[in-house]
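Chain by chain, the residues run as shown.
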Amino acid sequence: MRRRTPPPPSPLPQRDGVDPVRVRLPLQGSWGTVCGYLVERMSGAPSGAVAAMFEAGLVVGADGHAVPSDAAYAPGAYVWFHRELPAEVPVPFPLEVVHRDEHIVVVDKPHFLATTPRGGHVAQSALARLRRELGIPSLTAAHRLDRLTAGLVLFTVRAEERGAYQTLFRDRLVRKEYEAVAPYDPALALPATVRSRIVKERGVLDAREVEGEPNAVSRIELLEWRDGPGGALGRYRLLPRTGQTHQLRLHLSGLGVPILGDPLYPVVTAPRPADDFRRPLQLLARELEFTDPVTGVAHRFRSGRTLAAWSAYGEWADGPADGQTVGPAGQ
């Protein structure tokens, strides 16, 4: 088997902790120029935007020199450019570093902060913020948490070691424990193991369960329950054995106890304003446990955050969007 040749290093530096876009020109195609290909590929961009990038010298080749707008199409060549960053509302909550060494960084991510640049959340992502705040441009994410989920995320420091840590998650060698606040149903027999088949279609906000061989397995345990102003609530321990998109949110909703603050399950609700940080999803990645594939050290990390619907339901339900929802314990 032929080993794939790695792409050349980027001739452009990061901007605000965000990597430049790298594009490899297809080996086959009928485009006359590099510009013509990018115009077609970026058909959703405003009219004339791509041509303007070329005219401004913002598209560069592997040598770092600007690619002229009339440069002939070169199959297999690479070009780089920085995309126009979207206007973003800053996520006003701290990103707590739980552990840092020469190989990994583990952080306690707040709600509303995307793990990696995606869609309208680019500079306001955990990865971009950490690169800026820690001064580690090589930092990459070994896995991902949903933007609305708080808790522990593992990042790798060295690009050449990223694969080893990602393999831990792929091979299910990381023990992950989550915590959630959801309605309490005395008729629900717990602990229970939920198995289902989950599909997530590109461009569709919510995932769904379908018939077929299960690809998602979660153990659900009730830690405690109590009556409250919003009705009886339970605090649940969730132990996913697989990592399908929205798996825990779907499984709890399917049991009839959807997680508090969930805008997708059981019903997709209207989008909220970007500056509305109230009623965060009451789901927390509480623990990460694994043996470091590089150093051999056994790690166990625990989030210091609390779920406000359990500790202060009134503040979670009615409080202002001022960041008092899921701060670290003691704040």
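This text gives an overview of the structure that appears in the document. Small disclaimer: the values here were computed from a predicted structure and weren't measured.

### Some points on the pattern of salt bridges
Now for step 1: Taken as a whole, this structure holds 22 salt bridges when the rule is applied.
Now for step 2: Notably, a salt bridge pairs Asp108 with Arg305, separated by 3.3 Å at the nearest N-O pair. Taken as a pair, Asp108 in strand E4 (residues 104–109) and Arg305 in the loop between strand E13 (298–302) and helix H6 (308–311) lie far apart in primary sequence, 197 residues in all. A single burial state applies to Asp108 and to Arg305, both of which are buried.

### A closer look at the nonpolar core
Now for step 1: In terms of nonpolar packing, the biggest core is built from 34 residues, with Leu139, Phe155 and Leu238 touching the most fellow members.
Now for step 2: Elements with a contribution of two residues or more to this core: E4, helix H3 (126–134), strand E6 (150–156), strand E7 (175–183), strand E11 (233–240), helix H5 (247–254) and strand E12 (283–291).
Now for step 3: Setting aside chain neighbours within four positions, we find Leu139 in contact with Val105, Leu127, Leu130, Arg131, Phe155, Thr156 and Val157.
Now for step 4: Counting 15 residues, the second largest nonpolar core, distinct from the first, contains Cys35, Val59, Tyr73 and Val79.

### Regarding the environment of Ala182
Now for step 1: With respect to the element layout, Ala182 can be found in strand E7.
Now for step 2: Residues in contact with Ala182, not counting those within four places in the same chain, are Leu233, Gly234, Tyr236, Val257, Pro258, Ile259 and Leu260.

### A word on helix H1 (residues 34–41)
Now for step 1: Among the residues of H1, Val34, Cys35, Tyr37 and Leu38 are the ones counted as buried. Taken around the axis of H1, the buried residues stretch over an arc of 160°, which confines them to a single face.
Now for step 2: For H1, the elements touching its buried residues are strand E1 (21–24), helix H2 (49–55) and strand E2 (78–81).

### So, the packing of aromatic side chains
Pairs of aromatic rings are described using the distance from one ring centre to the other and the angle between the two planes.
Now for step 1: Enumeration according to the criterion identifies ten aromatic pairs in this entry.
Now for step 2: The interplanar angle of 45° and the centroid separation of 6.3 Å between the aromatic rings of Phe93 and Phe112 together place this pair among those described as tilted. Of this pair, Phe93 sits in the loop between E2 and strand E3 (96–100) while Phe112 sits in the loop between E4 and H3, and the two are 19 residues apart along the sequence. Like Phe112, Phe93 is buried.
Now for step 3: Ring plane angle 5° and centroid distance 4.3 Å describe the contact between Tyr184 and Trp225, whose orientation is recorded as stacked. With Tyr184 in the loop between E7 and strand E8 (192–199) and Trp225 in strand E10 (residues 216–226), this residue pair connects regions lying 41 residues apart in the sequence.

What counts as what
Within every chain, residues take consecutive numbers counted from 1 along the sequence as written. Per-residue local features are limited, in this predicted model, to residues with pLDDT of at least 70; the limit for side-chain atom pairs, both in listing and counting, is 80 or more; totals at the level of whole chains, interfaces and linings are taken over all residues. Values reported for side chains reflect all heavy atoms of the structure, with hydrogen atoms and water molecules removed beforehand. The working definition used for a salt bridge is a side-chain nitrogen of Lys or Arg within 4 Å of a carboxyl oxygen of Asp or Glu. Only DSSP runs of H or I covering at least 4 residues are called helices, and only runs of E covering at least 2 are called strands; the numbering of each starts at the N terminus. Three exposure classes are used, based on accessible area relative to the maximum for each residue type with a 1.4 Å probe and protein chains only: buried under 20%, partly exposed in between, and exposed over 50%. We call a set of buried Ala, Val, Leu, Ile, Met, Phe, Trp, Tyr and Cys residues a nonpolar core when their side-chain atoms join them within 4.5 Å. Two residues qualify as a contact provided that any one of their heavy atoms is within 4.5 Å of a heavy atom in the partner residue. In this description, one arc is meant: the one made by directions from the helix axis to the C-beta atoms. Ring pairs are drawn from Phe, Tyr and Trp, using the six-membered ring of Trp, whenever the two centres fall within 6.5 Å, and their geometry is named by plane angle: stacked under 30 degrees, edge-to-face over 60, tilted for the rest.

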